[in-house]
Number of protein chains: 4
Amino acid sequence: MICLGLVALQHRGQESAGIVTSLGKSSKNFSVHKGMGMISNIFNDEAIRKLKGNLGIGHTRYSTAAASEVVNCQPFVVHTAHGALAIAHNGELVNCESLRREVLERGVGLSTHSDSELIAQSLCCAPEDVSEHDGPNWPARIRHFMTLAPLSYSLVVMHKDKIYAVRDSYGNRPLCLGKIVAYDAGHANIQDQVAEGWVVSSESCGFLSIGARYVREVEPGEIIELSRNGYRTVDIVERPDYKRMAFCIFEYVYFARSDSMFEGQMVYSARLQCGRQLARESPLDADLVSSVPESGTAAAHGYARESGLPFAEVLCKNRYVGRTFIQPSNHLRQLGVAKKFGALAQNVEGKRIVLIDDSIVRGNTIGPIIKLLRDAGATEVHIRIASPPLQYPCYMGINIPTREELIANKLNAGQLANHVGADSLAYLSVEGLVTAVQMNKSHVNPVKSGYCTACLTGEYPGGLPEELSW
Amino acid sequence: MICLGLVALQHRGQESAGIVTSLGKSSKNFSVHKGMGMISNIFNDEAIRKLKGNLGIGHTRYSTAAASEVVNCQPFVVHTAHGALAIAHNGELVNCESLRREVLERGVGLSTHSDSELIAQSLCCAPEDVSEHDGPNWPARIRHFMTLAPLSYSLVVMHKDKIYAVRDSYGNRPLCLGKIVAYDAGHANIQDQVAEGWVVSSESCGFLSIGARYVREVEPGEIIELSRNGYRTVDIVERPDYKRMAFCIFEYVYFARSDSMFEGQMVYSARLQCGRQLARESPLDADLVSSVPESGTAAAHGYARESGLPFAEVLCKNRYVGRTFIQPSNHLRQLGVAKKFGALAQNVEGKRIVLIDDSIVRGNTIGPIIKLLRDAGATEVHIRIASPPLQYPCYMGINIPTREELIANKLNAGQLANHVGADSLAYLSVEGLVTAVQMNKSHVNPVKSGYCTACLTGEYPGGLPEELSW
Amino acid sequence: MICLGLVALQHRGQESAGIVTSLGKSSKNFSVHKGMGMISNIFNDEAIRKLKGNLGIGHTRYSTAAASEVVNCQPFVVHTAHGALAIAHNGELVNCESLRREVLERGVGLSTHSDSELIAQSLCCAPEDVSEHDGPNWPARIRHFMTLAPLSYSLVVMHKDKIYAVRDSYGNRPLCLGKIVAYDAGHANIQDQVAEGWVVSSESCGFLSIGARYVREVEPGEIIELSRNGYRTVDIVERPDYKRMAFCIFEYVYFARSDSMFEGQMVYSARLQCGRQLARESPLDADLVSSVPESGTAAAHGYARESGLPFAEVLCKNRYVGRTFIQPSNHLRQLGVAKKFGALAQNVEGKRIVLIDDSIVRGNTIGPIIKLLRDAGATEVHIRIASPPLQYPCYMGINIPTREELIANKLNAGQLANHVGADSLAYLSVEGLVTAVQMNKSHVNPVKSGYCTACLTGEYPGGLPEELSW
Amino acid sequence: MICLGLVALQHRGQESAGIVTSLGKSSKNFSVHKGMGMISNIFNDEAIRKLKGNLGIGHTRYSTAAASEVVNCQPFVVHTAHGALAIAHNGELVNCESLRREVLERGVGLSTHSDSELIAQSLCCAPEDVSEHDGPNWPARIRHFMTLAPLSYSLVVMHKDKIYAVRDSYGNRPLCLGKIVAYDAGHANIQDQVAEGWVVSSESCGFLSIGARYVREVEPGEIIELSRNGYRTVDIVERPDYKRMAFCIFEYVYFARSDSMFEGQMVYSARLQCGRQLARESPLDADLVSSVPESGTAAAHGYARESGLPFAEVLCKNRYVGRTFIQPSNHLRQLGVAKKFGALAQNVEGKRIVLIDDSIVRGNTIGPIIKLLRDAGATEVHIRIASPPLQYPCYMGINIPTREELIANKLNAGQLANHVGADSLAYLSVEGLVTAVQMNKSHVNPVKSGYCTACLTGEYPGGLPEELSW
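As annotated in an unreviewed UniProt entry, chain A is Amidophosphoribosyltransferase from Drosophila albomicans. What UniProt states about chain A under its Sequence similarities (unreviewed entry) heading is, verbatim, "In the C-terminal section; belongs to the purine/pyrimidine phosphoribosyltransferase family." UniProt's Pathway (unreviewed entry) comment on chain A is quoted here verbatim: "Purine metabolism; IMP biosynthesis via de novo pathway; N(1)-(5-phospho-D-ribosyl)glycinamide from 5-phospho-alpha-D-ribose 1-diphosphate: step 1/2."

Trainee: What is the right way to look at the relation of the copies chain B and chain D in this model?
Mentor: Each copy of the sequence occupies a distinct position, and chain B is placed on chain D by a rotation of 180° and an axial shift of 0.1 Å, giving an RMSD of 0.1 Å. Expressed as a symmetry operation, the mapping of one chain copy onto the other fits a two-fold axis. Considering only C-alpha atoms, the residue of chain B closest to the rotation axis is Val 108 of chain B, which sits at 3.1 Å. The overlap is high: 100% of the interface residues of chain B also sit at the interface in chain D, so the same surface is used on both sides.

Trainee: Looking at this structure, I do not really get the packing of helix α5 (residues 115-124) of chain D against helix α6 (residues 138-148) of chain D. What am I missing?
Mentor: Two quantities define a packed helix pair, namely the angle between the helix axes and the distance between the axes. Residue and element names in this part refer to chain D. Where α5 meets α6, the axes come as close as 9 Å, and the angle between the chain directions of the two elements is 125°. Considering the angle they form, α5 stands oblique to α6. Along this stretch, α5 crosses α6, giving a crossing that reads as right-handed. Where α5 abuts α6, its residues Ile 119, Ser 122, Leu 123 and Cys 124 lie against Trp 138, Arg 141, Ile 142 and Phe 145. Grouping the amino acids of the contact of α5 with α6 by side-chain chemistry returns six nonpolar, one polar and one charged.

Trainee: Would you mind going over the interface of chain B and chain D with me for this structure?
Mentor: By a widespread convention, an interface's size corresponds to the accessible area lost as its parts come together. Residue-level contacts link 23 residues of chain B with 23 residues of chain D. Summed over both sides, the interface of chain B with chain D buries roughly 1,500 Å², with 56% coming from carbon and sulfur. For the pair chain B and chain D, the interface holds zero salt bridges. For the interface between chain B and chain D, the tally reads six residue pairs in polar contact (both at pLDDT 80 or more). The residue makeup of the side of chain B that touches chain D, split by class, is 11 nonpolar, nine polar and three charged.

Trainee: Teacher, can you tell me more about the packing of aromatic side chains here?
Mentor: To describe a pair of aromatic rings, you give the distance between the ring centres and the angle between the ring planes. Residue and element names in this part refer to chain D. Under the definition given, this model contains 40 aromatic pairs over all chains. Taken together, a centroid distance of 5.7 Å and an interplanar angle of 35° make the contact between Tyr 62 and Phe 255 tilted. With Tyr 62 in the loop between β3 (55-61) and β4 (76-80) and Phe 255 in helix α7 (residues 250-255), this residue pair connects regions lying 193 residues apart in the sequence. Centroid distance Tyr 252 to Phe 262: 5.7 Å. Interplanar angle 80°. Geometry classified as edge-to-face.

Trainee: Help me understand the pattern of salt bridges, please; the structure alone is not making it clear to me.
Mentor: One side chain can pair with another of opposite charge once the charged atoms of both are near each other. All names here are of chain A. Applying the stated criterion across every chain, the model contains 80 salt bridges over all chains. As a salt-bridge pair, Arg 352 and Asp 287 come within 3.0 Å of each other at their nearest N and O atoms. Residue Arg 352 is located in strand β19 (residues 352-357), and its partner Asp 287 is located in the loop between α8 (267-281) and β16 (288-291); the two are separated by 65 residues in the primary sequence. Since its relative accessible area comes to 22%, Arg 352 is described here as partly exposed. Given a relative accessible area of 28%, Asp 287 falls into the partly exposed group.

Trainee: What am I meant to see in the side chain of Ser 290 of chain A here?
Mentor: Of note, Ser 290 of chain A is situated in strand β16. On the basis of relative accessibility, which here comes to 1%, the residue Ser 290 of chain A falls in the buried class.

Trainee: Looking at this structure, how should I read the pairing of strand β12 (residues 230-236) of chain C?
Mentor: A regular strand places its side chains so that they alternate between the two faces of the sheet. All names here are of chain C. Strand direction decides the pairing type here: strand β11 (residues 222-227) and β12, joined by six bridges, are antiparallel. In the sheet register, Glu 225 faces β12, and the bridge partner there is Arg 232. Connecting β11 to the antiparallel partner β12 that follows it, the hairpin turn spans two residues.

Trainee: It is not clear to me how the UniProt feature "binding site: [4Fe-4S] cluster" (unreviewed entry) in chain A should be interpreted in this structure. Could you clarify?
Mentor: All names here are of chain A. In this structure's numbering, the residues bearing the UniProt feature "binding site: [4Fe-4S] cluster" (unreviewed entry) are Cys 248, Cys 394, Cys 452 and Cys 455. A maximum C-alpha distance of 10.2 Å places the annotated residues, which cover 208 residues in sequence, within one compact spot. Position of Cys 248 relative to the elements: it lies in strand β13 (residues 247-248). With sequence-adjacent residues up to four places away left out, Cys 248 is seen in contact with Asn 172, Arg 173, Ile 398 and Cys 452. In this structure, Cys 394 sits in the loop between β20 (380-385) and α14 (413-420). By relative accessible area, which is 16% here, Cys 394 ends up buried. Apart from the residues lying within four places of it in its own chain, the contact partners of Cys 394 are Glu 92 and Ile 400.

Trainee: Would you mind showing me how to read the sheet that holds strand β19 (residues 352-357) of chain C here?
Mentor: Backbone-to-backbone hydrogen bonds pair the strands of a sheet. The strands run either parallel or antiparallel. All names here are of chain C. On the basis of which strands lie adjacent, the open sheet formed by four strands has the order β16-β19-β20-β21 and parallel pairing. At either margin of the open sheet sits one strand with a lone partner, and together these are β16 (288-291) and β21 (424-427). This sheet shows a mean twist of 25° between the axes of neighbouring strands, independent of strand direction. Two strands pair when backbone bridges link them, and β19 and strand β20 (residues 380-385) are joined in this way by six bridges, in the parallel orientation. From the neighbouring strand, Ile 356 faces β20, where its bridge partner is Arg 384. Across the sheet, helix α8 (residues 267-281) is in contact with β19, β20 and β21; its angle to β21 comes to roughly 125°. Helix-sheet contacts for helix α13 (residues 366-375) involve β19 and β20, and the interaxial angle to β20 is about 150°.

Trainee: Before we go on, may I ask you to explain the state of the cysteines in this structure?
Mentor: In protein chemistry, a disulfide is the covalent bond that joins the sulfur atoms of two cysteines. Residues and elements named next belong to chain A. Considering all chains together, one arrives at zero disulfides over all chains under this definition. This cysteine, Cys 124, is not joined by any disulfide, and Cys 125 carries the nearest cysteine sulfur, 8.3 Å off. With a relative accessible area of 6%, Cys 124 lands in the buried category.

Trainee: Quick question: what am I supposed to make of helix α14 (residues 413-420) of chain B here?
Mentor: Helical periodicity: at 3.6 residues per turn, an α-helix aligns residues three or four positions apart in one direction. Residues and elements named next belong to chain B. Considered for burial, the residues of α14 that qualify are Leu 416, Ala 417 and Val 420. The buried residues of α14 all sit within an arc of 105° when viewed along its axis, so they share a single face. Every exposed residue of α14 that faces more than 90 degrees away from the buried side is listed here: Gly 414, Asn 418 and His 419. In this structure, the buried residues of α14 make contact with α13 (366-375) and β21 (424-427). The N-terminus of α14 is capped by Asn 412, whose side-chain oxygen sits 3.1 Å from the backbone nitrogen of Gly 414. Following α14 by one or two positions, Gly 421 has its phi on the positive side, about 80°.

Trainee: Any chance you could explain the packing of helix α8 (residues 267-281) of chain D against helix α15 (residues 430-438) of chain D here in plain terms?
Mentor: Residue and element names in this part refer to chain D. For the pair α8 and α15, the least separation of the axes is 8 Å and the interaxial angle reads 140°. By the angle class used here, α8 and α15 are oblique. Taken as a pair, α8 and α15 cross one another with a handedness that is right-handed. Judged by residue contacts, Ala 270, Gln 273, Cys 274, Gln 277 and Glu 281 of α8 engage Gly 432, Leu 433, Ala 436 and Val 437 from α15. Grouping the constituent residues of the contact of α8 with α15 by class yields five nonpolar, three polar and one charged.

Parameters and conventions
- Residues numbered from 1 in each chain as written.
- Chains lettered and ligands numbered in written order.
- Predicted model: local features only at pLDDT ≥ 70, side-chain atom pairs only at ≥ 80, totals over all residues.
- Heavy atoms only, no water.
- UniProt positions renumbered as here; feature names shortened; annotations may be inferred.
- Least-squares fit on C-alpha atoms with pLDDT ≥ 70 in both.
- Contact = heavy atoms within 4.5 Å.
- Axes fitted to C-alpha atoms, helices over the stretch in contact; angles between N-to-C directions.
- Helix = DSSP H or I, 4+ residues; strand = E, 2+ residues; numbered from the N terminus.
- Parallel < 35°, antiparallel > 145°, perpendicular 65-115°, else oblique.
- Left-handed = near helix turned anticlockwise from the far one by under 90°.
- Nonpolar A, V, L, I, M, F, W, Y, C, P; charged D, E, K, R; others polar.
- Buried area = accessible area lost by both parts, 1.4 Å probe.
- Salt bridge = Lys/Arg side-chain N within 4 Å of Asp/Glu carboxyl O.
- Polar contact = N/O pair within 3.5 Å; in protein donor to acceptor, adjacent residues only side chain to side chain.
- Phe/Tyr/Trp six-rings, centres within 6.5 Å; stacked < 30°, edge-to-face > 60°.
- Buried < 20%, exposed > 50% of the residue type's maximum accessible area, 1.4 Å probe, protein only.
- Pairing = 2+ DSSP bridges.
- Disulfide = S-S within 2.5 Å.
- Arc of directions from axis to C-beta.

Encoded structure:
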């Protein structure tokens with residue numbers, strides 16, 4: 001079940017993955033399986049069969065902080081005085097350097113540069129103000145850690161027969177709760193009876209594939225305990241400077257899978273609203289609206305509906321493109337993008353096209369695509385980007401290139417249009433984006449609601465530690 | 001250039017691939033590189049650098065006749081009394097058994113079961129009525145072979161500085177001719193000067209990525225010679241029972257990439273026409289039209305335009321699904337399809353949906369998809385298939401399951417609707433399909449035009465050899 | 001140079017290997033390369049080029065305590081408050097369980113079950129009685145660790161520009177010191193100038209291959225500091241219950257390479273003496289003395305010289321035997337050993353043979369070898385083992401099977417002769433072994449000299465911790 | 001059983017291997033398994049289980065003629081008009097170029113450059129003077145081939161339920177016949193009953209491991225038929241210029257395994273005689289005789305016995321040496337051999353050593369070994385080579401370097417001694433070698449007996465075809 005769930009989260013990380021399961025109350029050790037690469041390569045039937053127990057945590061990773069090595073695979077398992085502890089998290093500790101220093105000065109060696117080990121070692125030692133005559137008080141230890149590390153993480157911690165699910169008090173990274181629906185196969189044999197259960201996940205898109213349904217977001221600062229007795233909120237750690245949550249708006253723009261639910265709305269719907277908003281902000285007289293497959297399609301449909309222009313496909317994707325070969329001449333290199341896409345020439349000939357993409361990062365692909373469409377006969381190609389220009393690095397878990405590599409730091413919209421050979425190019429405004437993603441949402445306390453737009457505005461939630469300021 | 005072209009043809013075969021190049025006139029030996037798997041795994045920079053010469057042939061294979069072994073990779077190279085000969089073909093020799101017998105009885109051993117070796121050994125020996133005082137007369141040898149083997153093949157034969165491109169006299173498999181556009185980089189260095197050249201390919205979709213443009217189809221029975229002097233038709237082998245060509249209609253329905261051109265029309269356009277025709281044949285009162293990504297989308301747009309119903313996306317594809325794991329219970333197994341697709345719940349809730357797919361083969365996936373949509377709140381799900389029921393095996397190069405596995409041989413449309421849980425299900429008619437694919441085409445002699453619909457009707461072009469009749 | 005040295009130590013472990021190098025004084029981080037398998041597979045030119053610096057440590061491992069996983073590869077590197085620390089050791093901590101408990105209760109999580117991590121975490125924290133105003137006092141920390149962990153280890157610890165070489169106070173595992181001879185290539189270029197340097201190694205057999213020569217053993221309890229300034233003894237930690245050292249006698253019997261020097265004598269010479277002693281203890285009237293290649297040859301030569309019987313080869317080894325295949329019948333299975341050895345029939349026919357082996361563990365191979373010799377015509381086959389019966393497990397770094405698997409715990413010499421089909425079988429006595437290995441030695445304080453014979457006698461040096469007693 | 005036999009022949013080729021088995025009389029197809037690399041990597045249990053039938057042939061290959069590719073693996077299987085035919089051979093066709101031309105001109109394409117395919121295609125076509133009304137007459141076809149191809153080959157040909165074993169009429173390559181001894185396990189189950197059977201093999205060393213015993217050599221020119229009815233000689237093809245056989249003397253010197261029998265004598269005994277003869281030809285006053293392990297040991301024992309000098313080991317081999325790493329300085333490179341061997345210093349110090357090796361090819365290793373021994377204290381090192389200088393290439397199946405690479409073509413014995421730093425160096429004479437290998441032999445017609453010494457004398461049996469003369 002965990003493995004199926006990870007497959008649905010594969011888009012969040014393709015570098016390594018792992019699962020740790022527990023046999024429950026008396027479990028001194030866990031079953032562990034981790035590896036580099038894609039889930040389908042790491043987990044075969046034998047590996048899955050060896051993962052024993054009724055509860056467990058899994059992780060799929062793409063590297064932000066530490067290097068891509070097997071030692072950095074999550075979940076991270078440490079042996080503590082109270083038995084094994086397993087930890088998996090999404091995000092990046094903004095103040096990891098000061099946390100490291102603290103742990104090292106306590107006389108603890110760290111064997112990796114990963115945040116996971118740092119979190120683990122932080123939780124290993126009971127803080128002075130926590131008394132533990134009846135065994136380890138994990139909620140208190142977690143609360144202590146949360147006060148030291150304000151953001152950014154969604155975190156699961158497993159010990160014996162309990163899993164703690166934690167979201168930082170900014171709510172920066174997503175985390176939601178699902179219910180595994182009890183299922184009685186009737187006359188079928190025992191292994192088909194599925195008991196009721198609970199699950200947390202970065203995104204809800206995996207719930208369906210394991211027979212679970214979306215219940216709600218984990219609240220910012222909330223510590224949930226999952227056990228055989230169901231789930232309960234054991235604490236909500238609020239931040240002193242409390243204003244509003246700072247949920248990563250880039251999840252809506254690009255990162256999350258379109259069928260996931262955040263704040264009660266489908267990501268696809270938010271993207272469609274971005275397209276509508278874009279049509280209102282930057283309208284055009286053209287023959288058709290289209291998108292670069294497979295990104296930007298929801299926004300393109302939104303743009304088409306709002307503008308009244310027809311949607312039509314103009315590019316066909318080669319499903320089998322692997323890595324790039326040598327291309328002996330510049331000429332062939334310029335044709336490189338044609339390896340990835342084919343133009344649907346008869347849809348394009350003589351047409352004025354609005355081409356929607358979800359975002360522009362380095363700006364390398366859009367130029368060749370425009371050339372491809374013009375070669376196929378398009379008379380005009382206008383680019384509309386369903387998000388604002390990306391200008392600032394992220395220190396909270398999204399792997400955005402350095403400032404120098406971000407094209408928006410080198411060229412404004414007009415210059416970029418020129419550079420890529422577009423007839424025009426426009427971005428969605430920051431305000432437009434925030435408005436669009438709020439359009440359909442529900443289930444969320446509107447007072448608390450708020451977004452981290454640091455990569456677009458440079459306003460980092462809580463400010464940046466000195467070591468990171470640029 | 002050949003390698004880039006093969007990448008564009010990767011959808012035609014993912015089992016093995018190879019390239020053979022020639023150093024030209026005095027070339028006793030070829031450069032050869034072949035391997036199992038995908039092109040991007042077989043060809044790295046070093047392998048490409050070792051392929052010397054100014055002309056060459058490449059192939060990407062999926063197995064029909066012979067087993068999946070490296071020895072069966074194409075192009076097939078044989079050393080003859082006149083130097084090396086390389087052969088690559090698409091298709092399957094319908095009368096291969098009698099051809100084998102003939103070659104073996106001539107005292108030649110065959111080391112594989114592949115059609116390629118059979119063609120090669122057939123061409124190695126000059127037929128009695130061919131006199132060759134000035135060296136091998138390849139056009140005459142090829143014509144002789146074509147009279148013995150009526151179908152099905154598109155074939156390239158390379159010897160020293162010449163390539164012969166051949167299409168069987170039924171025109172069953174596709175083959176088209178392209179022109180490599182001369183390109184002068186001006187001030188750039190010499191390797192950027194691209195001379196004019198010629199290329200043949202099963203599909204035109206690769207032309208763009210190598211700087212070539214579509215010229216025309218190779219005619220049924222035509223033997224084209226490509227050399228440093230350009231191309232010329234050296235022969236057209238007509239069949240005695242001449243009526244019309246028998247081009248594989250399944251290329252339009254499913255096999256070809258949508259941006260390829262056949263008979264002067266884009267495959268995408270033909271598929272869109274199929275959707276329009278389907279809307280005329282099987283109209284519905286519904287809220288939206290959609291497709292199973294990424295097949296059926298062109299037809300869905302056609303259905304939407306003809307019917308006036310809106311097109312909307314209802315499914316989101318997981319790009320990262322690999323092979324299947326063990327799923328301990330039936331319950332999870334039933335949820336399996338949810339690993340591959342996510343429902344866009346808010347687009348589906350309370351909606352009556354027309355779901356278009358391009359074809360139904362075994363009928364295994366459509367049921368779970370319907371369930372997924374109903375679970376997400378769809379009130380009605382109607383299936384429309386943009387091709388007729390698939391009922392007969394293909395002996396001409398398309399790997400269609402046995403009759404027993406084809407769901408259309410077990411259930412009619414009504415029974416199948418019931419079986420997969422659809423509110424209704426309808427196929428496109430054979431006449432409708434033939435009409436649709438002819439709608440936009442051009443450049444083709446209308447007298448000759450005709451299709452092989454054997455997999456739909458059981459009418460095999462030229463009849464079946466006894467050994468294959470069922 | 002380290003890599004060449006490890007190749008010479010490959011016989012001590014083939015499971016994994018690693019090298020860590022340091023850039024010296026200001027080195028916050030090390031260069032690390034580790035991997036599973038043989039050294040020649042782990043270290044290619046690129047890997048070696050990336051290892052920067054003028055000092056370093058290397059390790060080659062076979063698993064005793066922790067599982068065979070990349071995470072357990074040595075050297076083990078931890079990041080401490082004072083920068084990176086690297087540790088490699090040979091041996092096994094007899095009281096690792098109590099050491100683990102202590103570390104865990106200090107609030108440190110352990111991420112592996114390896115002794116290396118345990119040693120590292122022990123050294124990370126300055127003991128209370130060690131004051132460190134000028135930075136970490138490694139000798140004091142190491143001394144503290146040595147008082148807590150009496151045996152068994154030879155250990156190297158690297159920090160910035162220093163390496164500490166440590167041998168436990170029993171001298172249980174070997175460790176010797178060598179001097180890298182300065183070498184001036186005269187007119188040759190600069191990289192051929194080799195400066196004087198120092199090296200420590202478990203065995204001296206690697207010295208020659210790196211241009212070093214054997215200097216002396218590291219003394220029991222000695223802490224040596226190696227740096228740019230040469231080497232110096234910074235401490236000698238004696239044990240309270242001091243009697244004599246307890247050097248592993250199994251190194252002489254089986255484990256070490258025959259050209260290594262221990263206690264001033266060549267291992268080969270000690271083995272030859274064992275053969276001589278064996279001839280004195282268990283003489284025979286026979287036609288020739290031989291050995292199972294390639295073990296037992298030194299002892300066989302010793303036996304031959306002492307007895308006056310000729311030495312002759314009787315078996316030829318197949319250098320290419322890999323793993324075992326299925327053998328459909330018992331008959332073929334019995335012939336299995338013949339896959340590994342061939343009998344030199346004409347040397348054997350009609351002969352009475354004394355066959356020497358160095359030790360008997362499970363006793364599986366000797367029976368089939370005897371049968372092979374009898375089939376080839378030997379009239380008598382007498383087995384002489386150049387060591388006493390192996391009866392007890394080792395907890396100090398040698399991977400000896402469990403008591404149940406040791407054949408000497410099931411059958412006495414007479415029964416074993418019967419079981420394997422020998423005409424007679426005799427072991428060397430424990431006293432004989434101890435006498436033999438002392439015969440040629442020099443350079444060692446005779447008062448201190450002594451051996452661990454636990455695997456032969458069950459007398460464990462220092463007694464066994466409760467958790468290990470059986 | 002075949003697989004076990006191949007393991008014993010692994011020293012004859014480590015590049016690729018294969019097995020083909022037949023289901024017998026009605027067998028249209030064979031079971032085939034081939035692969036690159038060592039037998040233990042190619043054949044796992046599953047592969048062996050798939051090889052069905054009661055007769056079969058196997059091969060292990062090192063490349064002489066054709067390149068190292070899977071397509072050149074033997075046995076080679078072709079499909080003929082009479083069903084499948086499998087061929088495996090040892091040796092090299094001296095006149096392969098003219099044979100190729102003949103086959104190609106018959107209109108047959110050849111897909112490899114291997115001799116195996118050439119032999120196969122030669123046998124596929126019945127010669128004009130062979131009438132075959134009752135099916136293929138393989139003995140006649142083989143005889144025809146043998147008259148066209150005088151040497152060099154030992155060959156097995158399998159068709160349906162028969163295997164033909166063939167040795168060229170010079171008897172150049174070895175081939176011997178063994179009998180599988182019937183074995184009745186009594187009460188054991190049926191699969192332990194082993195029926196009587198027959199086997200041919202290049203060397204007899206594999207017989208013991210499959211429960212067979214050496215019967216006799218296959219005679220030069222003999223064609224043996226093996227079937228369910230036992231074995232029978234169906235033909236002996238004599239050569240017109242008949243004088244004596246020309247058995248490869250290098251098999252005795254170096255190539256064969258020492259426990260194999262040729263001409264009724266053990267290879268080990270022949271090598272021991274070479275050592276004795278060498279002692280007679282080139283005696284010395286010295287302290288001990290030794291060898292480079294593991295070559296030259298038999299000869300060293302012979303030299304010791306004849307001279308009365310003691311034999312002692314002076315070098316210890318590192319069993320784990322893999323490929324070579326970068327060695328940054330010349331100094332370390334010179335120490336390279338010390339990676340492979342360790343000197344047994346205490347055996348060497350102050351000693352005058354006679355070091356025996358079986359042969360010298362490029363002469364690269366002996367110099368560093370001498371240096372190693374001198375560094376370890378040897379006062380004199382004299383080299384004695386138990387074979388004459390190697391001066392000419394072999395075109396008959398032994399992969400000897402080109403003339404330029406053979407050190408004996410550049411330096412005479414005295415110069416070579418100087419070059420490698422020996423106190424003296426002597427070879428065995430050609431006459432001495434021939435005398436030595438004849439000393440113990442039996443079972444062979446003395447009239448016919450004779451050797452190919454081409455690599456030593458340049459006298460090629462039958463002369464060389466023009467294309468090969470140098």
